Amino acid sequence: EAQVTQNPRYLITVTGKKLTVTCSQNMNHEYMSWYRQDPGLGLRQIYYSMNVEVTDKGDVPEGYKVSRKEKRNFPLILESPSPNQTSLYFCASSFTIAGEQYFGPGTRLTVT
Amino acid sequence: ILNVEQSPQSLHVQEGDSTNFTCSFPSSNFYALHWYRWETAKSPEALFVMTLNGDEKKKGRISATLNTKEGYSYLYIKGSQPEDSATYLCAANNNDMRFGAGTRLTVKP
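Residues numbered from 1 in each chain as written. Chains lettered and ligands numbered in written order. Predicted model: local features only at pLDDT ≥ 70, side-chain atom pairs only at ≥ 80, totals over all residues. Heavy atoms only, no water.

*Asks:* Tell me about the pairing of strand β9 (residues 87-94) of chain A, residues and numbers included.
*Replies:* Residues and elements named next belong to chain A. Where burial is concerned, most of β9 is hidden: eight out of the eight residues are buried. Examined bridge by bridge, strand β4 (residues 31-38) and β9 share seven bridges and lie antiparallel to one another. Each bridged residue has a counterpart across the sheet, and for methionine 32 the counterpart in β9 is serine 93. Summarising the sheet, β9 and strand β11 (residues 107-111) pair through three bridges and their orientation is antiparallel. Residue pairing across strands places serine 87 opposite leucine 109, the latter belonging to β11. (Buried < 20%, exposed > 50% of the residue type's maximum accessible area, 1.4 Å probe, protein only. Helix = DSSP H or I, 4+ residues; strand = E, 2+ residues; numbered from the N terminus. Pairing = 2+ DSSP bridges.)

*Asks:* I'd like a description of the state of the cysteines, backed by residues and values.
*Replies:* Residues and elements named next belong to chain B. Scanning the entire structure with this criterion turns up two disulfides over all chains. Disulfide partner of cysteine 23: cysteine 90, at an S-S distance of 1.9 Å. Because the sign of the S-S torsion sets the handedness, a value of about 75° for the bond joining cysteine 23 and cysteine 90 places this disulfide among the right-handed ones. Taken together, the residues cysteine 23 in strand β3 (residues 19-24) and cysteine 90 in strand β9 (residues 86-93) connect sequence positions 67 residues apart. Cysteine 90 carries the same exposure label as cysteine 23, and that label is buried. (Disulfide = S-S within 2.5 Å.)

*Asks:* How would you explain the sheet that holds strand β3 (residues 19-25) of chain A if you had to name every residue and give the values?
*Replies:* Here we have four strands laid out as an open sheet, ordered β1-β3-β8-β7 (chain A), and antiparallel in their pairing. One side of each edge strand has no neighbouring strand; the edge strands of this open sheet are β1 (4-7) and β7 (65-66) of chain A.

*Asks:* Provide a residue-level description of the sheet that holds strand β8 (residues 72-77) of chain B, including the pertinent values.
*Replies:* Residue and element names in this part refer to chain B. Taken together, the five strands give an open sheet; going across it, the order is β1-β3-β8-β7-β6, and neighbouring strands pair in antiparallel fashion. Of all strands in the sheet, those with a lone pairing partner are β1 (5-7) and β6 (56-59), marking the two edges. When the angles between neighbouring strand axes are averaged without regard to direction, this sheet yields 15°. With four bridges connecting them, β6 and strand β7 (residues 62-67) associate as antiparallel partners. (Axes fitted to C-alpha atoms, helices over the stretch in contact; angles between N-to-C directions.)

*Asks:* Mind laying out the pattern of salt bridges, listing which residues take part and the relevant values?
*Replies:* Tallied over the full model, the rule gives nine salt bridges over all chains. Ionic pairing is found between lysine 65 of chain A and glutamate 79 of chain A, a salt bridge with its closest N-O pair at 2.9 Å. Residue lysine 65 of chain A is found in strand β7, and its partner glutamate 79 of chain A is found in the loop between β8 (76-78) and β9; the two are separated by 14 residues along the sequence. On the basis of relative accessible area, lysine 65 of chain A is assigned to the partly exposed category, the value being 43%. The salt bridge involving aspartate 96 of chain B is made with arginine 98 of chain B; its shortest N-O contact spans 3.5 Å. Here aspartate 96 of chain B and arginine 98 of chain B have matching classes, each one buried. Counted as one network, the salt bridges with shared partners bring together Lys18, Lys65 and Glu79 of chain A. (Salt bridge = Lys/Arg side-chain N within 4 Å of Asp/Glu carboxyl O.)

*Asks:* Describe the pairing of β4 of chain A, listing the residues and the values that go with them.
*Replies:* Residue and element names in this part refer to chain A. The element β4 is largely enclosed, with a buried count of eight among its eight residues. Burial along β4 is two-sided: Tyr31, Ser33, Tyr35 and Gln37 facing one way and Met32, Trp34, Arg36 and Asp38 facing the other are all buried. Hairpin connection, β4 to strand β5 (residues 42-51): the antiparallel pair is bridged by three residues, and glycine 40 has positive phi, about 80°.

What follows is the structure, given as structure tokens:
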């Protein structure tokens, strides 16, 4: 089944404790992206990647890191999480930059 | 930088009504305009991706048009059904992707 998977789905953590949210797709997509969704603000892009070893900042990259060492995986790293990073996070992928995006199930993160 | 605006923010219609929403975006430096449907507690699902001025796409009762010269797209739903209730997102991309805040549609039986 073609899909985008994210883990964990839910996470409660404390300020400053490094965490990684994994994202994996099995559709051989080149473009992958991370978004955060906050009430009233819609989806905002954090980082995106147009191919292996190519990553770029989106609209809200501060406090996040990503890597794209393999085509299928695009982990999101929070080196020192803060409460303002409490949000719902979505990973998405598409064949090309302008292709329709397939979204993962979301990760709800709470930082206390 | 692309700023994407959607209107209205929310819409309540009766079953059987036809409705439409607007998405506006800066028309320069543009690759594609996307529409997504987002139901509560689920993930966004793609409806359409359009790239050319004058593009029209249709999927069942839902259709969309694109005007890249003036920077807007319309999404139309004909004969709304309760299962159409969702938030409809548009997004414009060059290399990055900018989403509007969405239009929340509620269809009453």
